Amino acid sequence: ITGTTLPEHPIDGLDISPLLFQNEAKTPHEFYLYYWGQQLHAIRAGDWKLHFPHDYRTLSGPAGRDGIPGKYANAHTQLALYNLKDDLAEEHNVLTDHPDVVTRLTNLADHARQQLGDSQLNIKGNQNRAAGRLP
């Protein structure tokens, strides 16, 4: 897009410019990882999204008003699978109906954890580097 040459070192991304310029473009990524900090919370591939067990904060009452924040509570999610094509709001866990999908997404996530780490599982990751630093 910028007309410049790519760096010689490996880059950890794919060209998503068709998503910006073409109406019917598809993502070049096989899957998408949902990290919160250094914890892998979920993975999405196609219509499927698999949540891994984790804690999170959630709004527990009315939203804030006049500069005063609303109340939050801590919550926990278990392993859960959603078909986003049929259930965009992630209301119906179909984990037990699709063990093959769970296995495939878990394997992809395990491979990603080995590369990027997952602090919740105490996995360091073998391809981590300091921000702004080359390998």
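Right above here is the structure, for reference.
Just so it is clear, the structure is predicted and the values come from calculations on it, not from any experiment.

(A) View of the overall build of the chain. Helix and strand content of the chain: two helices and six strands. By principal-axis analysis of the C-alpha atoms, the chain measures approximately 50 × 45 × 40 Å. Within the chain, the fraction of its 135 residues that count as buried is 24%. Working note: accessible area of the chain is about 10500 Å², and carbon and sulfur atoms make up 52% of it. Here the chain contributes 12 positively and 16 negatively charged side chains, and the mean placements of these two sets differ by 8 Å.

(B) Expanded view of unusual backbone geometry. Despite not being glycine, D66 shows a phi value in the positive range, around 55°. Among the residues examined, D66 registers a relative accessible area of 71% and is labelled exposed. The phi dihedral of E90 falls on the positive side, at around 55°, and the residue is not glycine. With respect to the secondary-structure elements, E90 resides in the loop between strand 6 (80-83) and helix 2 (99-116). E90 sits in the partly exposed class, given a relative accessible area of 23%.

(C) Molecular detail of the pairing of strand 3 (residues 48-51). Covered by surrounding structure in strand 3 are W48 and L50 together with K49 and H51, the residues of both alternating faces. Sheet analysis places strand 2 (residues 39-45) next to strand 3, joined by four bridges and oriented antiparallel. Following the sheet pairing, A42 is matched in strand 3 by H51. In this antiparallel pair of consecutive strands, strand 2 and strand 3, the connection spans two residues, and G46 shows a positive phi of 60°. Note that strand 3 and strand 6 share four bridges and pair antiparallel.

About the criteria used
- Residues numbered from 1 in each chain as written.
- Predicted model: local features only at pLDDT ≥ 70, side-chain atom pairs only at ≥ 80, totals over all residues.
- Heavy atoms only, no water.
- Helix = DSSP H or I, 4+ residues; strand = E, 2+ residues; numbered from the N terminus.
- Buried < 20%, exposed > 50% of the residue type's maximum accessible area, 1.4 Å probe, protein only.
- Areas by Shrake-Rupley, 256 points an atom, 1.4 Å probe, with all protein chains shown as cover.
- Lys, Arg positive; Asp, Glu negative; His and termini not counted.
- Charge placed at Lys NZ, Arg CZ, Asp CG, Glu CD.
- Pairing = 2+ DSSP bridges.

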